[in-house]
Amino acid sequence: MSPVAAYAKRLAALPQALAILELHPDGLPLSQLAAELDVTPDDLREVFLAYYRADLVELGGFEQPVVEFFAPEGDDSGNDVDPATAEWVRVVARDPEQELGVDHLDAEQLGRLFEAGADLLALEPENETLRSALAAFQSAVWPVDGPAGSEWKALTAQDLHRAVQEHRKVRITYVRQWHPGARERVIEPYRLTRTRRGWEVDAGPADEVAAVRTFLVSGISACEVLDETFEPPADVDALLAAQRTPVEVELVVPQDRRWAVERYAESVTVLSDDEESVALRAGLLPPVDLRLGLTLLTCGPDAFVVAPRSLEDAGVEMARLLLDHHRG
């Protein structure tokens, strides 16, 4: 074997050795580990020492295992041993949580990871490997009260994706975002889109209010793909483009309420700001008046619209709508 090939073989043993040691928290004799990997103890020690000296704490955002040379319990040298001569090796964690197998992700990051998997499953319903992985992930992280809604959204998105492909009508029960109560309706799904709000479906048919409506999958409580088909409008691409073209609104809000604009807008540009307020240009999708109204109510009485003037009363109108609803 050439020197290059021999070195490559030793280097290739490192990830395998670390994987084996992860399964043996009490460590293993270096000779036993070397035999399992079909390398000599000296070669394996050389690779471990290089890894040990490099102290690869972080690579690509992930915590790397820490290699520790030690003497087994009962040895007079204890743990004060020379790595160059120590006969035992193990992998240790830099903190107790890692030893318990807890990933360094907070709840929001875990949720995003699960949502990403669920979104992919919506487009790959036949991917049983992914489905099993999501089930295991959910069972491990949320063993009792798991996010069952995420699985429902994935299944609903799957049905809608199929309906878009096959031009089939869909009967949904939709909990309306802008008005109280739920309503059953039959839609003609034109396109399924993933936004920062989750899955959304742009659908017809046209009515007296709009040519295309957008429904949040998270607001669909029942979904049935029907046998009845439909023919998309000839100008469906233009209709969808118009539905997804934001309307620009300039407004001023308190600094501590800027997050509300970012929540409801597709884009936000800072025009000017000071310690107390910030002037923004926000791109809002239809229904613009309702989105803007909720934004203004959330931002409080110090928020106001600069342009267009036709929308300056959006907050007042939304407040009146909510008052009428709660009085009823």
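Our subject is the structure listed above.
Residues numbered from 1 in each chain as written. Predicted model: local features only at pLDDT ≥ 70, side-chain atom pairs only at ≥ 80, totals over all residues. Heavy atoms only, no water.

**What about the overall build of the protein chain?**
Along its length, the protein chain carries 11 helices and 14 strands. Residues classed as buried in the protein chain amount to 36% of the 328 residues present. Nonlocal contacts in the protein chain, meaning residues at least 24 apart in sequence, comprise 56% of its contacts between residues at least 6 apart. As displayed, the protein chain has an accessible area near 19,300 Å², and 52% of this comes from carbon and sulfur atoms. (Helix = DSSP H or I, 4+ residues; strand = E, 2+ residues; numbered from the N terminus. Buried < 20%, exposed > 50% of the residue type's maximum accessible area, 1.4 Å probe, protein only. Contact = heavy atoms within 4.5 Å. Areas by Shrake-Rupley, 256 points an atom, 1.4 Å probe, with all protein chains shown as cover.)

**Quick word on the side chain of E188**
Inspection of the secondary structure assignment puts E188 in strand β7 (residues 182–195). E188 sits in the buried class, given a relative accessible area of 13%. Apart from the residues within four sequence positions on either side, E188 is in contact with K169, D202, A203, G204, P205 and F230.

**Regarding helix α10 (residues 288–299)**
Along its 12 residues, α10 runs 16 Å from first to last C-alpha, staying within 8% of the 16 Å computed at 1.5 Å per residue. Of all the 12 residues making up α10, nine are buried; the element is thus mostly covered by neighbouring parts of the structure. The set of residues buried in α10 consists of V288, L290, R291, L292, G293, L294, T295, L296 and C299. Note on α10: the residue one or two positions beyond its end, G300, has a positive phi of about 95°. (Expected span 1.5 Å × (residues − 1).)

**Considering the packing of α10 against helix α11 (residues 314–327)**
Packing of α10 against α11 leaves a shortest axis separation of 7 Å and a crossing angle of 90°. In terms of orientation, α10 lies roughly perpendicular with respect to α11. The residues of α11 that touch α10, namely those facing D289, L290, L292, G293, L294, L296 and L297, are A314, G315, M318, A319 and L322. Here the contact of α10 with α11 is built from residues that sort into nine nonpolar, two polar and one charged. (Axes fitted to C-alpha atoms, helices over the stretch in contact; angles between N-to-C directions. Parallel < 35°, antiparallel > 145°, perpendicular 65-115°, else oblique. Nonpolar A, V, L, I, M, F, W, Y, C, P; charged D, E, K, R; others polar.)

**Comments concerning the packing of aromatic side chains**
Counted according to the given criterion, the structure contains three aromatic pairs. Directly above the ring of F70 sits R90, whose terminal nitrogen or CZ lies 4.0 Å from the centroid. (Phe/Tyr/Trp six-rings, centres within 6.5 Å; stacked < 30°, edge-to-face > 60°. Lys NZ or Arg CZ within 6 Å of the ring centre and 35° of its normal.)

**Concerning the nonpolar core**
Looking at soluble globular proteins, one finds that nonpolar side chains tend to be buried together. Core analysis: the largest hydrophobic core is formed by 21 residues, its most contacted members being L21, L33, L37, L44, F48, F69 and V89. Sorting the residues of this core by element identifies α1 (3–22), α2 (30–37), α3 (41–54), β4 (66–70) and β5 (88–92) as the ones contributing at least two each. Not counting chain neighbours up to four residues away, the residues in contact with L21 comprise L28, L33, F48, V89, R90 and V91. Counting 18 residues, the second largest nonpolar core, distinct from the first, contains A282, V288, L311 and A314. (Core = buried A, V, L, I, M, F, W, Y, C linked by side-chain atoms within 4.5 Å.)

**Considerations on the environment of D256**
Along the chain, D256 falls in the loop between β11 (247–254) and α9 (258–264). Counting along the chain gives 22 residues from D256 to V278, while the straight-line C-alpha distance between them is 9.3 Å.

**Looking at the pairing of strand β6 (residues 168–175)**
Inspection of the sheet shows β6 paired to strand β10 (residues 220–229) by six bridges, in the antiparallel sense. Bridge pairing in β10 links I172 to C223. Pairing between β6 and β7: six bridges, direction antiparallel. Opposite T173, over in β7, you have E184 as the bridge partner. (Pairing = 2+ DSSP bridges.)

**Observations regarding α2**
Looking only at α2, the buried set comprises L30, L33, A34 and L37. In an axial view of α2, the angular spread of the buried residues amounts to 100°, which keeps them on one side of the axis. With respect to the buried face of α2, the exposed residues turned more than 90 degrees away are A35 and E36. Positive backbone phi, approximately 60°, marks D38, located one or two places after α2. (Arc of directions from axis to C-beta.)

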